Amino acid sequence: MKIVRLAFLNFKNSFKSYLSLVLSLAFTILVFFNFQNIIHSDAFAILGQRNKDYIDTLIQICLTVLLCFLFFFLWYATNVFLTRRKREIGIYIFMGMSNRKIGSLYLVEISFVGATALIMGIVFGALFAGLFQMIMGAVSDITVDVRFGISIKAIKMTSVSFLSMYLFFALKGFWNITHSSVLNMISAAKQNEYLHVKPVVLLLKAALGAIVLASGYYYANKGGRNDTLTNALLAVVLVIIGVYLLFGGLIPLVFQMLAACKGFLYRGQRCLWVNQTIFRMRKNYRTYAMVCIMGICSVTALATGFAMRDRYDNMVAFNHQYTFQFISNQSNIEKTTQTLLDGKSPITYQSALCALSPDSEQLLSTYSDVRQMHLLLSYSDIQRVAQEAGVTFAFAEPADDEVYYLSHLVLLSFITNGEAEPVTIAGKTYRQTQRIMTPYLGYMQKELACFYIVSDREYERLKAQSGLYYICNYKLADDNAFEEARAAFDAIVSNTDENYTARVSIDPFSNEGEWIKAVYSLCIFMFLVFIVASGCIMFMKLYNDSFEETERYTVLIKLGFSTRTLSASIAHELVTAYLLPFVVMTVSAYFSVLALGKMMRADLFVIYVVSTIVVLIVFVLFCALSIVVYQRTLSVTVRRPRR
C-alpha cells in the first residue's frame, strides 16, 4: 500500500512532466476509439453495403497504421520516461530499497500515466464521437445519419489494444530496473543515446547516407509499368535508411566543420549553441530522424487525401458526361433513340458519330485489352462532339502515321513512364503520340471499347476495309426521367449479327464510389495524428534534455554569462533542433508527393506547399513551447551564486 501511495505522490508531483506524454497518448486513443466506433456503427450503411465495406476496410488500414505508430511511440516514450526516472531510482537504492520494490514503484507509477491517458482518450472520444463522425462526413462530403451512440465493443477493442502494448513496455521497464546496477541507474541520463563517433566514421556514414537517400529519390520518381510498385517500396526503404544515415553522419559532420571554422564559430553566441547542437545531434539523431520520417508520412498522407478527392470528382464528371449512350450497327439508331426519348425529358446536349471497326487480326496493340472492341474515330468527328458537349479540345490533327488513344481516368495507375506503344492497323504501324483522358465519349471510353483517333485522311482510307458502328450520346436535363427513359431504351437492346445495339446508362442518383471520398477525411486525420505526435516527441525529448543541462548552465552563469545570452543560446539550439528535421522532411516529401502525383496523374504541388506550411506552423508552436519550458526549467533549477 505504501508503494502505491508513493507512486501516486510521484505521479501527482511530476504530472507536468508527464503532461505532453499523456495528452499525445490520449489524442491517439481518441482517434483510434472513434474509428472503432464508426466501424461498429451503421453510420455509412446508407451508402450501400459495398461502399460501407470499402470504408470499413480503409478504416481498418488506418487503425493498423495507428497501432504500428502507437507501438513505436510507446516504445520511445516509455524509454524516455524510464531514463528520466532512473537517476531518482538510483537514489532510492541508497535509501535501502531493493530493485524489486523500486521496479514495483515504477510499474505502479507508469500505470497511473497509462490509465490517465486511456481514460482521457476514451472519455473525450465518447464525448466527441458524434462530432467526429459529423466532421468526417462533412470533410468527405458524405451525407450520413449522425449517431451519438457509443459502442461497448469499440471501448473494449481500444482498451485491449492499448493496454496490451502499454503493459508490455511497462513490464520491460520493470525487468530493466530489477536487472540494473546502481551505477547504471545514476548515470543513465548521461548515457542515453550518446555516441562516440570518429570523424572518419561520420564521413563514411555521410557519403553512404547521401547515396542511399539519392537512390530513394530516384526510385520514387522512376517511371515504369509492372515494376512501379516495387520501385515505390524500394524508395520507402531507401529514404528511411538514408534519413537515419543523414542525421547520424552528414549533418553532424557539417556542424563539426562549422565548429572548426573559427571565423564562424566566435560570432555572437554561436560558440555556445553550435557545439551543443553537435552534441545533441550525436545524442538525439535517432529522434530527429524519426520525427523527419513521420513528417514525410504526414505530408504524403495529406497529399494522398487531396489527390483521391480530386480524382473522385474528376471520375464522377467523366462517367456522368452523358446519361445515355448507344452503339449499334444500325444506321438509324439516332432516329430510333430520339423517337423513344420524345416527351420524356429535354436534352441538354447530344452528339452522333460513326466509328470504324477493323478486323481484330488487322489491329495489333501491345497493351490494349483484346476482349474489348477496337474502334477508329476521325479527328473531325471528335472535334465536333467536343464542341457539342462543351468539352475542351486542344489537340492538333494527328499525322497520317499517328494515332491518339482515348483513355479513361483511374484511381491509381502504376504505369508512369508515359511511353506510348505502337499500334498496327491493316499492316500499317502507327505511333501513339497522345493518351487522352478527356471524356469525349464519356463512360463508353472506360468500359465498352478501345477508341483510337486517326487523321481524316486515314479514316477515309480505312473506311472501305472496316465495319461501321454508329454512336449517339444524350445528356438529359431532367434526372427524374432516367428510369422511364431506361425502360423505353431496353426494348432496342440487341446482340445479333443482324442488329447489334448496346446501351450505356449512368444513373444520376448512383452513389457508387462514395467510399473514395472517405479516404480524404481519413488522410486528414492521419496527417493530424502524425504531425501532432512528431511535435510531441520532439517536445518530450527536449524537455527531458533540459534536466541534464542544469549543471552546465550553473557553470556558465558562474563564468559570467548573462541570462540574456544563455536564453538566446537556448533559442538558437532548439530552433536548430526543430529546423533540421523540417528541412530534410521538406526535401524528401517533395519527391514523395511528386511520385504520388505521377501515379494519380495530378498536380499536387500546391497541396505539398500547403501541407509543409501547416507542418511548419505546428513545429513553430512546439518550438516556442519547448523554448519557454526549457528556459523555465533551467531558471527554476539554476540559481545565481550569492556574492
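Model, not experiment: these values are computed from the prediction.

Further remarks concern the overall build of the chain. When its secondary structure is counted, the chain shows 21 helices and 11 strands. The buried share among the 643 residues of the chain stands at 51%. Relative to all contacts within the chain whose residues are 6 or more apart in sequence, the contacts with residues 24 or more apart total 86%. Total accessible area on the chain is roughly 30,200 Å²; 62% of this is exposed by carbon and sulfur atoms.

A full pass over the atoms with the stated rule returns 10 salt bridges. For Glu458, the salt bridge goes to Lys428, with nearest N and O atoms at 3.3 Å. On the criterion of sequence distance, the pair formed by Glu458 in helix H16 (residues 456–463) and Lys428 in strand E7 (residues 428–436) is long-range, its members being 30 residues apart. When its relative accessible area of 4% is taken as the criterion, Glu458 is described as buried.

Counting residues in hydrophobic clusters, the biggest one holds 107 residues, and the most contacted among them are Leu25, Val243 and Phe247. Looking at which element gives the most residues to this core, the answer is helix H18 (residues 515–546), with 19 residues. Discounting chain neighbours no more than four positions away, the residues touching Leu25 are Leu70, Phe73, Leu74, Ala117, Phe162 and Tyr166. Among the nonpolar cores identified, the runner-up in size contains 29 residues, and Tyr322, Leu377, Ile382 and Ile436 belong to it.

The next point concerns the confidence of the model for the chain. Should the pLDDT be low somewhere, the predicted coordinates at that spot are not to be read in detail. Of the residues in the chain, 78% have a pLDDT of 70 or more, and the chain-wide mean is 78. In this model, residues 191–196 is a region of pLDDT below 50 whose contacts with residues beyond four sequence positions or in other chains number 16 contacts. Of the regions scoring below 50 in pLDDT, residues 366–371 engages in nine contacts with residues more than four places distant in sequence or in other chains.

Quick look at the environment of Val618 now. Among the secondary structure elements, Val618 is positioned in helix H21 (residues 605–637). A residue is classified by how much of its surface remains accessible, and Val618, at 15% relative accessible area, is buried. When the C-alpha atoms of Val618 and Gly535 are compared, they prove to be 7.2 Å apart, with 83 residues separating the residues in sequence.

The next subject is the packing of helix H4 (residues 99–127) against helix H6 (residues 152–178). Packed helices, taken two at a time, are described by their axes: the angle between them and the distance between them. At a closest axis distance of 9 Å, the pairing of H4 and H6 adopts a crossing angle of 160 degrees. In terms of orientation, H4 and H6 fall into the roughly antiparallel class. Considering how the two elements wind past one another, H4 and H6 form a crossing that is right-handed. In the contact of H4 with H6, the residues fall into 16 nonpolar, eight polar and one charged.

Before going further, it helps to examine H6. A rise of 1.5 Å per residue sets the reference length of H6, with its 27 residues, at 39 Å; its end C-alpha atoms lie 38 Å apart and thus fit the reference within 8%. For H6, the full list of buried residues reads Ala154, Thr158, Ser159, Ser161, Phe162, Met165, Tyr166, Phe169, Ala170, Gly173, Phe174 and Ile177.

Turning our attention to the packing of aromatic side chains. Applying the stated criterion across every chain yields a total of 20 aromatic pairs. Seen in terms of ring centroids, Tyr217 and Phe591 are 4.3 Å apart; in terms of plane orientation they differ by 10 degrees. Their pairing is stacked. Of this pair, Tyr217 sits in helix H9 (residues 199–220) while Phe591 sits in helix H20 (residues 563–600); the two residues are 374 residues apart in sequence, bridging distant segments of the chain. Given a relative accessible area of 13%, Tyr217 falls into the buried group.

With that settled, the discussion passes to a nonpolar patch on the surface. On the surface, a nonpolar cluster with roughly 850 Å² of combined accessible area is contributed by Tyr590, Leu594, Phe605, Val606, Val609, Val610, Ile613, Val614, Ile617 and Leu621. Listing elements by their share of the nonpolar patch, those giving two or more residues are H20 and H21. Element by element, the count of residues in the nonpolar patch is highest for H21, at eight residues. Inspection of the secondary structure puts Leu621 in helix H21.

Turning our eyes to something else, we now look at the packing of helix H19 (residues 550–558) against H20. Relative to each other, H19 and H20 sit at 140 degrees, their axes nearing to 12 Å. In terms of axis orientation, H19 runs oblique to H20. Counted together, Arg552, Tyr553, Leu556 and Ile557 of H19 and Leu566, Ser569, Ile570 and Glu573 of H20 form the full contact between these two elements. For the contact of H19 with H20, the residue count by class is five nonpolar, one polar and two charged.

Mapped onto the fold, Gln325 is located in strand E1 (residues 324–328). Take Gln325: its relative accessible area is 1%, and that puts it in the buried class. Residues in contact with Gln325, not counting those within four places in the same chain, are Leu441, Gly442, Tyr443, Met444, Cys472, Asn473, Ala502, Arg503 and Val504.

Before going further, it helps to spend a moment on the pairing of E1. Summarising burial for E1: five of the five residues are buried, a large majority. Residues Phe324, Phe326 and Ser328 point to one face of E1 and Gln325 and Ile327 to the other, with burial holding for every one of them. With five bridges connecting them, E1 and strand E9 (residues 467–476) associate as antiparallel partners. Along E9, the bridge assignment pairs Gln325 with Asn473. Strand direction decides the pairing type here: E1 and strand E11 (residues 500–505), joined by five bridges, are antiparallel. The partner of Phe324 across the bridge, within E11, is Ser505.

What counts, and at which threshold
- Residues numbered from 1 in each chain as written.
- Predicted model: local features only at pLDDT ≥ 70, side-chain atom pairs only at ≥ 80, totals over all residues.
- Heavy atoms only, no water.
- Helix = DSSP H or I, 4+ residues; strand = E, 2+ residues; numbered from the N terminus.
- Buried < 20%, exposed > 50% of the residue type's maximum accessible area, 1.4 Å probe, protein only.
- Contact = heavy atoms within 4.5 Å.
- Areas by Shrake-Rupley, 256 points an atom, 1.4 Å probe, with all protein chains shown as cover.
- Salt bridge = Lys/Arg side-chain N within 4 Å of Asp/Glu carboxyl O.
- Core = buried A, V, L, I, M, F, W, Y, C linked by side-chain atoms within 4.5 Å.
- pLDDT = per-residue confidence, 0-100.
- Axes fitted to C-alpha atoms, helices over the stretch in contact; angles between N-to-C directions.
- Parallel < 35°, antiparallel > 145°, perpendicular 65-115°, else oblique.
- Left-handed = near helix turned anticlockwise from the far one by under 90°.
- Nonpolar A, V, L, I, M, F, W, Y, C, P; charged D, E, K, R; others polar.
- Expected span 1.5 Å × (residues − 1).
- Phe/Tyr/Trp six-rings, centres within 6.5 Å; stacked < 30°, edge-to-face > 60°.
- Patch = residues over 30% accessible without salt bridge, like charges linked within 9 Å, V, L, I, M, F, W, Y side chains within 5 Å.
- Pairing = 2+ DSSP bridges.

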